[in-house]
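Here is how the chains run, residue by residue.
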Amino acid sequence: MEVCYQLPVLPLDRPVPKHVLSRRGAISFSSSSSLFGAPDPRQLSQRRGAISYDSSDQTALYIRMLDVRVRSRVGFDPEGKGSYSYLCIDFRTLHSCSDSASSLIPGPGFSSAGPVSGRRLRRLLSFQRYLHSSRLLRGTPHLNPLHILDEDYTGQAKCMLERVATWNFDIFLYDRLTNGNSLVTLTFHLLNQYGLLELFQLDMVKLWRFLVMVQEDYHSLNPYHNAVHAADVTQAMYCYLREPKLAKSLTSCDILLGLLAAATHDLDHPGVNQPFLIKTNHYLAKLYRNSSVLENHHWRSAVGLLRETGLFSHLPAEDGLKMEHQLGSLILATDISRQNEYLGKFRTHLDQDDLCLSNASHRHFILQMALKCADICNPCRPWELSKQWSEKVTEEFFHQGDIEKKHRLEVSPLCDSQSNSMANIQIGFMTYVVEPLFAEWGRFSDTRLSQTMLGHLGLNKASWGGLVQQEGSTSPEELEPSSPAFFTMPTPAVTESEPESASAAEPIAVTTATATGETNYKEIPQGSKES
């Protein structure tokens, strides 16, 4: 079989390093396999991966799994390998024996003899890749491990996950090592580490599909609000969940909701802020009546994916609906325009010393505060990481400002590149938003992690001030915005209650992604909630 001729290019979100291009080529593929001739088999589609070859030996193929999107609910036992002779295929050596694409001599480990049709081969490869992915995700040892392309990179990613609880975790490096799949792999690892898949009887394929769809629904072209930011927030949330006060009090349901909320808290973010959507009469602003527009959209988008994948479909309907509403309450808490509201409530609880984490509502409030901290923790990271995030968020702000100028709209605060600088934005953000929040979090959880975060925050703020002085401009004090309103930016809005306090008869608009990529909005009944 002839291989590696006229191969299409695998589209990637980022340039491939030169040292990789110098020794490998890659193609993308899509499969729709029919397993065992079953009348209603599992359909595998939009499977992204790569088949690469070494330029010095075009008789060897290297196959890599990037992600899987399973489109059917028909299941089978991935561990039932007794009757399948092809489970030990060594994908490194698929040697060609003729010019015919319909025959192939298997490499070592392939127990069947004789030629195999191209169609049959694709079916075998698809199932083999699925089984290998299943074992990797479940942590099941594999007696005959496959030799995957760039195994050195996946090995480094696994090593990084061993230190996922450390505050200096480099999410940018981890994203590169996972080929842009940091959100999927990190979130799955954390859920699996807590044993939540077994505890909640979550279908592994449904969960994987859900996480892949979540990652894909983040806009990779956004400099800041993208899947890497979501992965970073999820990793920070995990660090907070491990804090002693939370670790000994949170239930498994709290942990599941906290991690899912972190992963989906900015889902389908358009790269512009709420004031921009309101003043441009965007349909989302109208749909949510100018109230927590983005946060409502993130929540309803997450609910749409949960229902499309059926991740909680095995749970009682009331339990599934309750989890969706609690997920929404967590995501809505990240609305920066409500920062003072949550901070004031948090401060009051701490002053009165009346937080009782055996109380479900108090635990939920602490989860809200933890997610708020995770969402804006970039200034509390080590300088090397914090500075990268500052550059990305400033780029996104200025991009919005350029759009507003182009269409002759009033430029939003912090979005005018001519009147704002990165140092200006960061010093003000740290002063008015980050420091007050993390000071109260430090009061609640006075641990080494809290001290580390506050230490980095002080050093990073001083570093921005030092950079300003080196550039010969004004002092850091003169750079601070005159009002914290620049950062909270409250907007006129119709008051809309959170998920817990809405009427049982009030419908919720839920977004669902169609097969064509369009977004539909449909009304679903909302369950009863406590006031």
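Procedures and definitions
Residues numbered from 1 in each chain as written. Predicted model: local features only at pLDDT ≥ 70, side-chain atom pairs only at ≥ 80, totals over all residues. Heavy atoms only, no water. Helix = DSSP H or I, 4+ residues; strand = E, 2+ residues; numbered from the N terminus. Buried < 20%, exposed > 50% of the residue type's maximum accessible area, 1.4 Å probe, protein only. Contact = heavy atoms within 4.5 Å. Areas by Shrake-Rupley, 256 points an atom, 1.4 Å probe, with all protein chains shown as cover. pLDDT = per-residue confidence, 0-100. Phe/Tyr/Trp six-rings, centres within 6.5 Å; stacked < 30°, edge-to-face > 60°. Lys NZ or Arg CZ within 6 Å of the ring centre and 35° of its normal. UniProt positions renumbered as here; feature names shortened; annotations may be inferred. Polar contact = N/O pair within 3.5 Å; in protein donor to acceptor, adjacent residues only side chain to side chain.

Asks: Just to check I follow, could you spell out the overall build of the protein for this structure?
Replies: A tally of helices and strands in the protein yields 21 helices and five strands. Counting every position in the protein, which comprises 531 residues, the buried fraction comes to 52%. Here the contacts in the protein between residues at least 6 apart in sequence split such that 71% fall between residues at least 24 apart. Looking at the protein as shown, the accessible area adds up to about 24200 Å², and 53% of this sits on carbon and sulfur atoms.

Asks: Would you mind showing me how to read unusual backbone geometry here?
Replies: Negative phi is the rule for most residues except glycine; trans is the rule for most peptide bonds. Positive phi values are uncommon outside glycine, yet N281 reaches one of about 55°. Here N281 shows up in the loop between α11 (274–279) and α12 (283–287). Residue N281 is classed as exposed on the basis of its relative accessible area, which comes to 53%. With phi around 75°, L414 is a residue other than glycine that occupies positive phi space.

Asks: Would you explain the side chain of S182 in this entry?
Replies: Tracing the sequence through the fold places S182 in helix α5 (residues 182–193). Setting aside chain neighbours within four positions, we find S182 in contact with I171, Y174, D175, T187, Q215, V228 and A231.

Asks: Would you mind showing me how to read the confidence of the model for the protein here?
Replies: Low pLDDT means the predicted coordinates in that region are not meant to be read closely. Counting all residues, the mean pLDDT for the protein is 74, and 60% of those residues have values of 70 or more. Confidence drops under pLDDT 50 across residues 23–114; counting only partners more than four residues distant or on other chains, this segment forms 226 contacts. Under a pLDDT of 50 for its full length, residues 475–482 has, in the predicted model, 19 contacts with residues more than four places off or in other chains.

Asks: I would appreciate a short explanation of the packing of aromatic side chains in the present structure.
Replies: Given two aromatic rings, their pairing is described by the distance between the two centres and the angle made by the two planes. Under the criterion given, the structure shown has twelve aromatic pairs. Here W441 and F444 contribute two aromatic rings whose centre-to-centre distance is 5.2 Å and whose plane-to-plane angle is 55°, an arrangement assigned as tilted. Of the two residues, W441 and F444 both sit in helix α18 (residues 422–444), three residues apart, roughly one turn of that helix. Of the residues examined, W441 reaches a relative accessible area of 0% and is grouped as buried. For F444, a relative accessible area of 3% gives the class buried. Ring pairing ties together the aromatic residues W167, Y240, F346, F365, W441 and F444, which thus form one cluster. It is R381 that lies over the ring of W167; its NZ or CZ is 4.0 Å from the centre.

Asks: Explain the UniProt feature "binding site: AMP" (unreviewed entry) in the protein to me, please; I cannot follow it from the model alone.
Replies: As annotated by UniProt and renumbered to match this structure, "binding site: AMP" (unreviewed entry) occupies H225, N226, A227, V228, H229, D266, D375 and Q426. Relative to the helices and strands, V228 resides in helix α8 (residues 227–241). Residue class for V228 comes out buried when judged on its relative accessible area of 14%. Those residues in contact with V228 that sit more than four places away from it in its chain are I171, F172, D175, S182 and W389. As for its position among the elements, D375 is in helix α16 (residues 360–375). Since its relative accessible area comes to 12%, D375 is described here as buried. Contacts of D375, omitting those with residues within four sequence positions, involve Y224, H229, V233, H265, D266 and T334. Here the side chain of D375 touches H229 through a polar contact of 3.3 Å, side chain to side chain.

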